[in-house]
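Descriptive structure summary
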Amino acid sequence: MLRTIFNRLLGMIVVMALVVTIVFVIVRVTPGDPAAVMLGPDATAADVAALRSRLGLDQPMVVQFGRYVLGVVQGDFGQSIFLNQPVTTALAQRAEPTFFLTVFSLLIATVIALPVGILSAYKRGSTFDQVATTLAMFAASVPSFWLGLLFIQFFAVKLGWFDTSGYGGPGASFLERLNHLVLPALALGLVSSALITRFARASMLDVLNDDYVRTARSKGMSEWRVVLKHALKNALIPILTVIGLTAALLISGAVVTETVFSLPGVGSLVVSAVLRRDYPVIQGALLVIAGLYVLVNFAIDMLYLAIDPRVRA
Amino acid sequence: MRRLLSVAALLAAMTLPAVQGAWAEPVKGGVIDVATVGEPPTLDPMASTADLVGIVTQHIFETLYTFGKDWSITPLLAADLPGISGDGLTYTIPLRTGIKFHDGSDMDSADVVASLQRWEKVATRGKQAAEVISSIEAVDASTIKIVLKKPYAPLVSLLAFNNAAAIIIPSENAGEDPLTKFIGTGPYLLKDRKPDQFIQLARFDGYKSREGEPNVYGGARKQYLDEIRFVPVPDPNTRVEGAVAGQFAYADALPVEAYDKISGGKTKPVILKPFGWPVFVMNTKEGLNSDIRIRKAVQAALAPNDMLTAAFGSTDFFTIDGSMYPEGFAWHNKVGTDAYKSDGDTETAATLLKEAGYDGSKPLRILTSRQYEFHYKMAQVAQAYLEQAGFKVQLDVVEWATLTKNRQDPKLWDIYITHSPFLPEPSLNGFMSDTTPGWWATDAKHKVVEAFNAESDPAKRAKLYEDVQKVIYEEAPIYKVGDFNALAAQAPNLQGMTPSPWPFFWNAYLEK
């Protein structure tokens, strides 16, 4: 078991090293120039070149990469070109909305998907199953930003229950800030629930026909006990996997949703950094997101180890 | 027509309280949220020519001069207009006294000299001015002197403009690049900034306003509002929804097609007419458009009527106008505009192409972006008209950051599309410089531009600008498509605003 954990950790380091390299190269070969964006439309080529030099962007790519890697291993992701602050500070300031948005979305998705998926499987072919499957397919095909715009239209503009965008002004309390997450979390959560519902249904269907379930029934156990205790326990591994992956997907899915709702989270930070070519922020943010993916997968692997004795063997 | 009437009524309503203000001073207080197109790339107005930077920072920092009614130059931190020596080489500028910076220190000539020297080094427009400035020095604590190498009339306009701006900051901060201490003399000071969330400005209690009445950007600057919060809302649809829901006191730069939707909402639409001009910049340095005959063919082929209709939909939002400046500006004239054909002249364009020996093997590359959807729509219509005239056209649609980079390289494009507000001084326009992308530098240009820049008498300058416009049409370094209007939204209880391309909120107040 220790060996498995060690191998996984080693794999994580290799993946992160690859991410650092690939992101650095992609960001540098993408057309566009932070200096030109910062100086504005009337800047001359000489102005742009001077600013590039001041930012160190005129150095050979290998030199820039060396400096960057040296910084990263020391926990220094560099300085944002536009925000005038360290990338780590910029990311830390934006972690709150993204974290809570992801948590709430995942909660909404799980709370909807698990019971619906289990019930659909249990009542396979029923009207409930058909309606649930159709709705899940619909939700899976709807982009979260479109749903977000609909919610803004209805809940914010028409009913006036929420602000259309933002994360509260100066001095907004924690609860006021969370209030701004309701609509985006609903939009992201509903879309994500579709995938989990379908996995939960499929996984439950697999186990509901297994011998041990039939045996449990023949012993005279109540149906809810058979389904929730025996069947669900075994169906949970693939469901956990998909919930974990959904959590990771939500972090990246939040990129567009945060932009639509003007939430100052990591997602919108990435979008604005890409649009203005704030290289250190793009690199730092993608590194953190990739790190979260890797950590989530590691956590899932560890859960497997805990839940499934076959994996431990 | 209904629309224009409603806007006229609104504008009248907006003007009225300003007049009434002379009778009953509005009550101080209130906080407003202003939705902007995004987070400004910097809060140092010297470091960028982006409009958004100017919009936000003009509340924090001030310049020696600014623009009043009809874009006339009016003093701001200067006590008066400059005294200009007979040879046009020495500008003596008296400074106001008793002006405090946001850190409590007093402004004097040492701060002004240090700031202007920083402007020469850091700002695009400062570098432009530096080419003709011989020295900047303090005469006494409240007077400075700028000595030029040759007469240069646009100097005071450059000192007045709010982007790449000649702001005055404490001398001890003038060595900073990038600027980290945002200490100005403006009516509002920077209280807090959370990037991508808000920029919070609070009333500066030590502010010393000019006496008299407000005069657009100049004159008295009243600080009625307690706070102004600039809230970045990059998605235009979300900005519109926020305006409809009444979430913002003012929402800037809205898509014109949202006019009807906003009209039915809690804030009212405001049309700024005219706002600016879309322009096709020609690459005169390399490629197809280095041949003046090809450029003239492009000029003849384009049909602004259809291009503007595709871009803005209704004539409520655009005007077919070949003059470089619309009516109302001192620079407006019709000289040379015969070459501007509202529906294009395909036949002439085809003839010109033939004369130029163009065989259609090399594509005319139009560099554009969908950052501004109207650029892309104009490009599509332009492509159709150019192809009709015999051009082979290649549309290079990239995102804005790529466009700003690629346009610096003359090998990559023949035309790029951009737009600009009508700048108060023609010399501020990018194409007037030899070094901005487009690289228009001919003897004919230099002759007329130098004469224009050397003349300081406003009436004579307006006349000389006719020559500049004539050469622009003769050599076609750019193609002005027309005039377009901008749409914003304003809360009904926000009063005292003056519609302007760079909206400002001193003098604005909330009606109870």
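Quick summary incoming for the structure in this document.

Analysis parameters
Residues numbered from 1 in each chain as written. Chains lettered and ligands numbered in written order. Predicted model: local features only at pLDDT ≥ 70, side-chain atom pairs only at ≥ 80, totals over all residues. Heavy atoms only, no water. Buried < 20%, exposed > 50% of the residue type's maximum accessible area, 1.4 Å probe, protein only. Helix = DSSP H or I, 4+ residues; strand = E, 2+ residues; numbered from the N terminus. Pairing = 2+ DSSP bridges. Contact = heavy atoms within 4.5 Å. Salt bridge = Lys/Arg side-chain N within 4 Å of Asp/Glu carboxyl O. Polar contact = N/O pair within 3.5 Å; in protein donor to acceptor, adjacent residues only side chain to side chain. 1 Å grid on protein atoms, 1.4 Å probe; cavity = no way out; pocket = protein on both sides within 12 Å on 5 of 7 lines; lining within 4 Å. Points joined across faces, edges and corners; volume = space filled by probe spheres on them. Nonpolar A, V, L, I, M, F, W, Y, C, P; charged D, E, K, R; others polar. Axes fitted to C-alpha atoms, helices over the stretch in contact; angles between N-to-C directions. Parallel < 35°, antiparallel > 145°, perpendicular 65-115°, else oblique. Left-handed = near helix turned anticlockwise from the far one by under 90°.

With respect to the pairing of strand 20 (residues 483-490) of chain B
Residue and element names in this part refer to chain B. Most of strand 20 is tucked away, with 8 of its 8 residues classed as buried. On strand 20, burial covers both faces: Asp483, Asn485, Leu487 and Ala489 on one face and Phe484, Ala486, Ala488 and Gln490 on the other are all buried. As paired elements, strand 13 (residues 250-254) and strand 20 share 3 bridges and run antiparallel to each other. Within the sheet, the bridge partner assigned to Tyr250 lies in strand 20 and is Gln490. Two elements, strand 14 (residues 268-282) and strand 20, share 6 bridges in a ladder whose sense is antiparallel. Directly across from Pro269, in strand 20, lies its bridge partner Ala489. Here strand 15 (residues 318-319) runs beside strand 20; their pairing, made up of 2 bridges, is antiparallel. Each residue of the ladder has a partner; that of Thr319, found in strand 20, is Asp483.

Some words on the side chain of Thr257(A)
Residue and element names in this part refer to chain A. Counting through the fold element by element, Thr257 comes out in helix 11 (residues 223-260). Assessed through its relative accessible area of 0%, Thr257 is described here as buried. Among all residues touching Thr257, those that are not within four sequence positions of it are Ser144, Pro184 and Leu188.

Let's talk about the interface of chain B and chain A
On the chain A side, the residues contacting the 44 residues of chain B number 44 residues. Between Asp196(B) and Arg94(A) there is a salt bridge, with the nearest N and O atoms lying 2.9 Å from each other. In this assembly, chain B and chain A are joined by 17 residue pairs in polar contact (both at pLDDT 80 or more). Considering every element that reaches the side of chain B that touches chain A, the biggest residue donor is helix 6 (residues 236-245) of chain B, with 6 residues.

Focus: empty space enclosed by the protein
Here the idea is plain: a probe the size of a water molecule rolls over the atoms and shows the empty space left. Taken as a whole, this structure holds 4 cavities of 30 Å³ or more when the rule is applied. Here the largest cavity is characterised by a volume of approximately 160 Å³. Counted by class, the lining of the largest cavity contains 11 nonpolar, 5 polar and 2 charged residues.

Brief notes about the packing of helix 1 (residues 2-29) of chain A against helix 4 (residues 61-73) of chain A
Residue and element names in this part refer to chain A. Where helix 1 meets helix 4, the axes come as close as 11 Å, and the angle between the chain directions of the two elements is 135°. Looking at the two axes, helix 1 sits oblique to helix 4. Here helix 1 and helix 4 pass one another in a crossing that is right-handed. Packed against helix 1, whose contacting residues are Val20, Thr21, Phe24, Arg28 and Val29, the element helix 4 presents Met61, Gln64, Phe65, Tyr68 and Val69 at the interface. Of the residues that constitute the contact of helix 1 with helix 4, the class distribution is 7 nonpolar, 2 polar and 1 charged.

What to know about the environment of Ile167(B)
All names here are of chain B. Mapped onto the elements, Ile167 comes out in the loop between helix 5 (155-160) and strand 8 (188-194). Taking relative accessible area as the criterion, Ile167 reaches 2% and is therefore assigned buried. Apart from residues lying up to four places away in sequence, Ile167 is in contact with Asp44, Pro45, Met46, Phe61, Glu62, Thr63 and Ser115.

Coordinates in, geometry out; function isn't part of it.
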